[in-house]
Amino acid sequence: MQHALRPSALVPDGFAVESAVCDGGTTLITVRPTSNTSACPRCGTRSDRIHSRYLRHATDLPLAGRPVRLVVVARRFRCDAALCSRRIFTERFDGSVLAPRARRTARLDYVVHHLGLALGGRPAASFARRLMIPVSNDSLLRLVRRRRSAPRVRPTVVGIDDWAWKRNQRYGTIVCDLERRKPVTLLPDREPATAEAWFSGQPQITIVARDRGGGYALAAARALPHAIQVADRWHLMENASRAFVEAVQKSMRQIRSAIGATTINPSLLTAAERIQYEGYLRREEANAAILGLAKERIAIKEIVRRTGHSRGLVRAVLRGRRSAFSFSR
Ligand SMILES: [Zn+2]
């Protein structure tokens, strides 16, 4: 079914178009509210007694490749409620259309918010300019933060771990609300003192899931002595798999003889498995050479010279800290 497109269909609900002009590259649309009344922000009583009019500006969705500015002919009303202390108030619109004091319509805010979420501050701002949506980097970030900082419940069960700003170079700390499955905060580093300072502002926390290292455990013990600390599932799995690999490695000879295979047939491996297997053989060979020399009571310095491996690696092998199996972490 077709029907004529009225100019008012182009502007947000509750407004009628008075006029539209092009001003340079911008389209200026003058609108007036269609409602005859507005509710007093103090007492909620609706009033239709107009005191005066004023112009309010708001950016709206772009139209045909041009940015749009709405010029709203808004009103001031008198509040006649006997017990209300407010005599005159400015017109209020529905928050889902144009919030009090907003410089953008709610439907434009919605688009800007999602651009900010998808692209982040600066890229979103430059993409918004291409879409003829004039919005600065700062106001984009402000909008994303304002929408996110809606009513928040203070977490009682949290998980804490480190995360990489840049892998192997700079680490921060992330705290998650494990009941709501949401990040709560990001801390700039992984120092126990930083975590402790954050924990001490959160006395409602009753359970802390953490890694098996000492830093976060210490921070939680100091700031939240009443809280229960548990090792988190990821670290338990990681510990278990490491212990399993070490146990297998120690009994490798017996395992091989039990299954009747002393060597692996490389032609049966996938390319990735072959690379892994070759690495394993290389490490096993290096470990055996180093251990052999050590058995002959040759000094570390001399082993380094003869094998060409680094001092750190030789020491790791001698202390049993370097397995031929490679670990991801
Ligand atoms: Zn009132």
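Here goes a summary of the coordinates provided. (Residues numbered from 1 in each chain as written. Predicted model: local features only at pLDDT ≥ 70, side-chain atom pairs only at ≥ 80, totals over all residues. Heavy atoms only, no water.)

**Points about the overall build of the chain**
Right, so step 1: Broken down by element type, the chain carries 10 helices and 12 strands.
Right, so step 2: Taking 329 residues into account, the globule formula puts the C-alpha radius of gyration at 20 Å, and the chain, at 34 Å, lies well above it.
Right, so step 3: Viewed in the frame of its principal axes, the chain has a C-alpha envelope of about 100 × 50 × 40 Å.
Right, so step 4: Looking at the chain residue by residue over its 329 residues, the buried ones come to 32%.
Right, so step 5: By sequence separation, contacts in the chain at least 24 residues apart represent 47% of the contacts at least 6 residues apart. (Helix = DSSP H or I, 4+ residues; strand = E, 2+ residues; numbered from the N terminus. Rg over C-alpha atoms; globule rule 2.2 N^0.38 Å. Buried < 20%, exposed > 50% of the residue type's maximum accessible area, 1.4 Å probe, protein only. Contact = heavy atoms within 4.5 Å.)

**As for the pattern of salt bridges**
Right, so step 1: Across all of its chains, the model carries 12 salt bridges by this definition.
Right, so step 2: When the shortest N-O distance is used, the salt bridge between R104 and D109 registers 2.7 Å.
Right, so step 3: With its nearest N and O atoms 3.0 Å apart, the salt bridge here joins E302 to R305. With E302 and R305 both in helix α9 (residues 300-307), this residue pair falls 3 residues apart, about one helical turn.
Right, so step 4: When its relative accessible area of 25% is taken as the criterion, E302 is described as partly exposed.
Right, so step 5: Connected through salt bridges with shared partners, the residues R104, D109 and R146 form a single ionic network. (Salt bridge = Lys/Arg side-chain N within 4 Å of Asp/Glu carboxyl O.)

**What about the environment of R103?**
Right, so step 1: Relative to the helices and strands, R103 is located in the loop between β7 (88-90) and α1 (106-119).
Right, so step 2: Residue R103 is classed as exposed on the basis of its relative accessible area of 64%.
Right, so step 3: If sequence neighbours within four positions are ignored, R103 has contacts with H57, A58 and T59.

**Digging into the coordination of the zinc ion**
Right, so step 1: Taken together, C40 (SG), C43 (SG), C79 (SG) and C84 (SG) make up the protein donors of the zinc ion, found 2.3 Å from the metal.
Right, so step 2: If you look at the zinc ion, its 4 donor atoms make angles of 102 to 114° with each other, and the shape they trace is tetrahedral.
Right, so step 3: Written as a sequence motif, the donor arrangement for the zinc ion is C-x2-C-x35-C-x4-C. On the criterion of sequence distance, the pair formed by C43 in the loop between β3 (38-39) and β4 (46-47) and C84 in the loop between β6 (66-78) and β7 is long-range, its members being 41 residues apart.
Right, so step 4: The class of C43 is partly exposed, set by a relative accessible area of 35%.
Right, so step 5: By relative accessible area, which is 5% here, C84 ends up buried. (Donors = N, O, S within 2.8 Å, 3.2 Å for Na, K, Ca; no water. Tetrahedral: all angles 85-135°; square planar, octahedral: opposite > 155°, others 65-115°.)

**Looking at the packing of helix α8 (residues 271-295) against α9**
Any two packed helices are characterised by how steeply their axes cross, that is the angle between the axes, and by the distance between the axes.
Right, so step 1: Two elements in contact, α8 and α9, have axes whose closest approach is 10 Å; the angle formed by their N-to-C orientations is 140°. What the angle tells us is that α8 and α9 run oblique. Regarding α8 and α9, the two cross each other, and that crossing is right-handed. Where α8 abuts α9, its residues I290, L293 and A294 lie against I303, R306 and T307.
Right, so step 2: Across the contact of α8 with α9, the residue classes tally to 4 nonpolar, 1 polar and 1 charged. (Axes fitted to C-alpha atoms, helices over the stretch in contact; angles between N-to-C directions. Parallel < 35°, antiparallel > 145°, perpendicular 65-115°, else oblique. Left-handed = near helix turned anticlockwise from the far one by under 90°. Nonpolar A, V, L, I, M, F, W, Y, C, P; charged D, E, K, R; others polar.)

**Details of α8**
Right, so step 1: Taking 1.5 Å as the rise per residue, α8 with 25 residues should run 36 Å; its terminal C-alpha atoms sit 36 Å apart, in good agreement.
Right, so step 2: If you check which residues of α8 are buried, you get Y277, G279, Y280, R283, A286, N287, I290 and L293.
Right, so step 3: Trailing α8 by a residue or two, R297 shows a phi angle of about 60°, which is positive. (Expected span 1.5 Å × (residues − 1).)

**Focus on the nonpolar core**
Right, so step 1: I160, F199, I205, V208 and L224 are the most contacted members of the largest nonpolar core, which has 15 residues in total.
Right, so step 2: The set of elements that each furnish at least two residues to this core consists of β8 (157-166), α4 (192-200) and α5 (214-223).
Right, so step 3: Here this core gets 4 residues from one element, more than from any other, and that element is α5.
Right, so step 4: Filtering out sequence-adjacent residues up to four positions away, L224 remains in contact with F199, Q202, P203, I205 and V208.
Right, so step 5: Membership of the second largest hydrophobic core comes to 14 residues, among which are V68, V72, V97 and A102. (Core = buried A, V, L, I, M, F, W, Y, C linked by side-chain atoms within 4.5 Å.)

**A few points about the sheet that holds strand β12 (residues 228-231)**
Right, so step 1: The sheet built from 5 strands is open, its strands ordered β10-β9-β8-β11-β12 with mixed pairing. One side of each edge strand has no neighbouring strand; the edge strands of this open sheet are β10 (182-187) and β12. Direction aside, neighbouring strands of the sheet carry axes that sit 30° apart on average.
Right, so step 2: Alignment of strand β11 (residues 207-210) against β12, held across 4 bridges, turns out to be parallel. Bridge pairing links I207 to I228 in β12. (Pairing = 2+ DSSP bridges.)

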